[in-house]
Amino acid sequence: MKFKCLVFLLLFSLYSCNLKTSKIEVVESLIVISLEKLDSIRIDYIGNPTVHDVDPKSGTVLFMEHKEFSEEIFIADFEGDIRSSFSKFGEMPDTYGGLMSTIKINGTNSFLVYGYRGFLTYDFDGNLLSLIKYDDFKVPSESRIAMGFGMEKISDFYLYVNQESRPSETAQYEGHKLLSLFDTEVGKRTPIIGFPENSIFLNGNYFFSASWFPVFTHYDDYIYVAFGSEPKIYVYEANEPFKVKHSISLKLPNYYFGKGSDDPNDFKYIGMVFTSGRIENIKRLGEYFILGYFPGYDALDTEKSFENKSPEEAIHFREKMLKKYPSRLAILDSLGNVLNDFVPDGLEPSSMLLRNGELWMMEIPNEEVEEDYFRLFRVGIKEESI
């Protein structure tokens, strides 16, 4: 009997050790994916700058100060020194007339402006190098002049948001193109890529145009597009006829988005611009996707947002919601699985700008104190075993 007990205890001990060993091996194999700050650029400047481009090849940062009646362009280096500044806005022979997109650095000493007058190239001292006009100018229906929302180069062309008139009836959604391909050498603009047949925006409801504002990135032979509030990444071939290859469904935590309305005059439908979740930026960095997104209000807060309020109550509610639902970053694998989801420390999620394999983001300015500088951070994916 004693012998049997000893054998039992010995076997149990070995079994327990094996369990512990197995557990340790599993824990050690876990990889935590996060974002880390790798480098920074500090530029001494007092104002409200909008960064248009960061170019590692030329070591140049191009930013602007946008005011109601003026726009000034600043050229700075990676040491933070402003090398030149000038304006091409207003009544002058070499004006761009008005911006259609953010400015793109396209050489070691030049940048491209997509403006009302056409495609204009200037050097870093502000001298006009070329002007390619287009004959089909129309005032853009919408544009977003902010860091991370510029044109992307694909071969000899540029990809950007299509700025033609928005659909006014649901029947027009199917034929509406959301991106355009630019040949800046001849001034040709070709609308491409509409809503895929299984998109939520073809469900027969009305949507406010900001809900489908496309964000995109080009990586290898594909264009990755997210249409505003729809929690999907659509994968397109990056050549004619730009066919959709497949889609990646996103399971973002606590993501609330509008499904549209059958009544375009419904005040709750109009209010979705504030309450609905939306994907604000998308970048592909190696094998990972990085999304900047606004999560949207939950059902209770959405209802509260439409309650009658005094102006003071409305301001207080809005401030409360901004704190409760800050914009976030999500890191995903190539299949769309969320590997990490967080509010980045001091960085603006929508500002992601990818250039020459480097990802840059804008530091969130201090709202309490006006600072005499702004900073940009180069960030990267960090893989850490625990």
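Parameters and conventions
- Residues numbered from 1 in each chain as written.
- Predicted model: local features only at pLDDT ≥ 70, side-chain atom pairs only at ≥ 80, totals over all residues.
- Heavy atoms only, no water.
- Helix = DSSP H or I, 4+ residues; strand = E, 2+ residues; numbered from the N terminus.
- Buried < 20%, exposed > 50% of the residue type's maximum accessible area, 1.4 Å probe, protein only.
- Contact = heavy atoms within 4.5 Å.
- 1 Å grid on protein atoms, 1.4 Å probe; cavity = no way out; pocket = protein on both sides within 12 Å on 5 of 7 lines; lining within 4 Å.
- Points joined across faces, edges and corners; volume = space filled by probe spheres on them.
- Nonpolar A, V, L, I, M, F, W, Y, C, P; charged D, E, K, R; others polar.
- Pairing = 2+ DSSP bridges.
- Axes fitted to C-alpha atoms, helices over the stretch in contact; angles between N-to-C directions.
- Salt bridge = Lys/Arg side-chain N within 4 Å of Asp/Glu carboxyl O.
- Polar contact = N/O pair within 3.5 Å; in protein donor to acceptor, adjacent residues only side chain to side chain.
- Patch = residues over 30% accessible without salt bridge, like charges linked within 9 Å, V, L, I, M, F, W, Y side chains within 5 Å.
- Areas by Shrake-Rupley, 256 points an atom, 1.4 Å probe, with all protein chains shown as cover.
- Core = buried A, V, L, I, M, F, W, Y, C linked by side-chain atoms within 4.5 Å.

J.: What is the right way to look at the overall build of the chain in this model?
T.: Looking only at helices and strands, the chain has five helices and 24 strands in total. Projected onto its principal axes, the C-alpha positions of the chain cover 105 × 55 × 50 Å. When the 386 residues of the chain are sorted by exposure, 47% land in the buried category. Of the contacts made within the chain by residues no fewer than 6 positions apart, 53% connect residues no fewer than 24 positions apart.

J.: Even after reading the chapter, I still don't get the side chain of Thr184, so can you show me in this structure?
T.: Within the secondary structure, Thr184 sits in the loop between strand 12 (177–183) and strand 13 (188–194). By relative accessible area, Thr184 is classed as buried at 10%.

J.: Explain empty space enclosed by the protein here, please?
T.: To find leftover empty space, a probe the size of one water molecule is rolled over the atoms. Throughout the structure, instances matching the rule amount to one cavity of 30 Å³ or more. Empty space within the largest cavity amounts to approximately 50 Å³. Together, Ser141, Glu142, Val161, Asn162, Glu164, Arg166, His176, Leu178, Trp212 and Pro214 line the largest cavity. Counted by class, the lining of the largest cavity contains four nonpolar, three polar and three charged residues.

J.: It is not clear to me how the layout of surface pockets should be interpreted in this structure. Could you clarify?
T.: Approximately 1,200 Å³ is the volume found for the largest pocket. Looking at the largest pocket, it is lined by 42 residues, and the ones nearest its centre are Glu348, Glu363, Ile364, Pro365 and Glu367. Elements supplying a minimum of two residues to the lining of the largest pocket: strand 2 (49–55), helix 3 (272–275), strand 18 (278–285), helix 5 (311–324) and strand 24 (373–385). Of all the elements, helix 5 adds the most residues to the lining of the largest pocket, at four residues. A per-class count over the lining of the largest pocket returns 22 nonpolar, eight polar and twelve charged. Residue assignment for the lining of the second largest pocket shows that the elements contributing at least two residues are strand 2, strand 6 (104–107), strand 10 (152–154), strand 11 (157–161), strand 14 (214–219), strand 18 and strand 22 (353–355). Broken down by element, the residue count for the lining of the second largest pocket peaks at six residues, all from strand 14. Tallied by class, the residues present in the lining of the second largest pocket amount to 15 nonpolar, 14 polar and ten charged.

J.: How should I be thinking about the sheet that holds strand 23 (residues 358–362) in this particular structure?
T.: Strand pairing in a sheet takes place through backbone hydrogen bonds and is either antiparallel or parallel in direction. What the four strands build is an open sheet, ordered 1-24-23-22; its pairing is antiparallel. Two strands bound the open sheet, and with one partner strand each, they are strand 1 (31–44) and strand 22. Strand after strand, the sheet turns through a mean of 35° between neighbouring axes, direction not considered. Pairing of strand 23 with strand 24, which is carried by four bridges, proceeds in the antiparallel orientation. When the sheet's bridge partners are listed, Met362 is paired in strand 24 with Leu376.

J.: How do you make sense of the pattern of salt bridges when you look at a structure like this?
T.: Applying the stated rule across the entire model yields seven salt bridges. Between Lys88 and Asp94 there is a salt bridge, and its shortest N-O distance comes to 2.7 Å. Judged by its relative accessible area of 9%, Lys88 falls in the buried class. We classify Asp94 as buried; its relative accessible area is 18%. For Glu280, the salt bridge goes to Arg278, with nearest N and O atoms at 3.6 Å. By relative accessible area, Arg278 is classed as partly exposed at 26%.

J.: Where do I start with the environment of Tyr255 in this structure?
T.: Structurally, Tyr255 is set in the loop between strand 17 (244–249) and helix 2 (267–270). Judged by its relative accessible area of 11%, Tyr255 is buried. Not counting residues within four places of it along the chain, the set of residues in contact with Tyr255 comprises Gly228, Ser229, Pro231, Gly277, Arg278, Ile279, Tyr293, Phe294 and Pro295. Here Ser229 takes part through its backbone oxygen, which lies 2.8 Å from a polar atom of the side chain of Tyr255.

J.: Which parts of the structure should I look at to understand the environment of Leu112?
T.: Among the secondary structure elements, Leu112 is positioned in strand 7 (residues 110–115). Ignoring sequence-local partners within four residues, the contact set of Leu112 consists of Ile103, Lys104, Asn106, Phe119, Leu120, Thr121, Met151, Tyr158 and Thr184.

J.: How should a nonpolar patch on the surface be read in this particular structure?
T.: Residues Leu30, Val32 and Ile386 make up a contiguous nonpolar surface patch of about 240 Å² in total accessible area. Take Leu30: it is sitting in the loop between helix 1 (2–28) and strand 1.

J.: What am I meant to see in the nonpolar core here?
T.: Nonpolar side chains in soluble globular proteins generally cluster together in the buried interior. If you look at the biggest cluster of nonpolar residues, it comprises 53 residues, and the most contacted ones within it are Ile223, Phe227 and Leu291. Looking at which element gives the most residues to this core, the answer is strand 15 (residues 222–227), with five residues. Apart from the residues within four sequence positions on either side, Leu291 is in contact with Ile233, Leu250, Leu252, Ile279, Asn281, Ile282, Arg328, Leu329, Ala330, Leu332 and Met352. Counting 15 residues, the second largest nonpolar core, distinct from the first, contains Ile43, Val51, Met147 and Met362.

J.: How should the sheet that holds strand 5 (residues 82–86) be read in this particular structure?
T.: Across the sheet, which stays open at both edges, the four strands sit in the order 2-3-4-5 with antiparallel pairing between neighbours. Each edge of the open sheet carries a strand with a single partner, namely strand 2 and strand 5. Averaged over all adjacent pairs, the angle separating strand axes in this sheet is 20°, with direction ignored.

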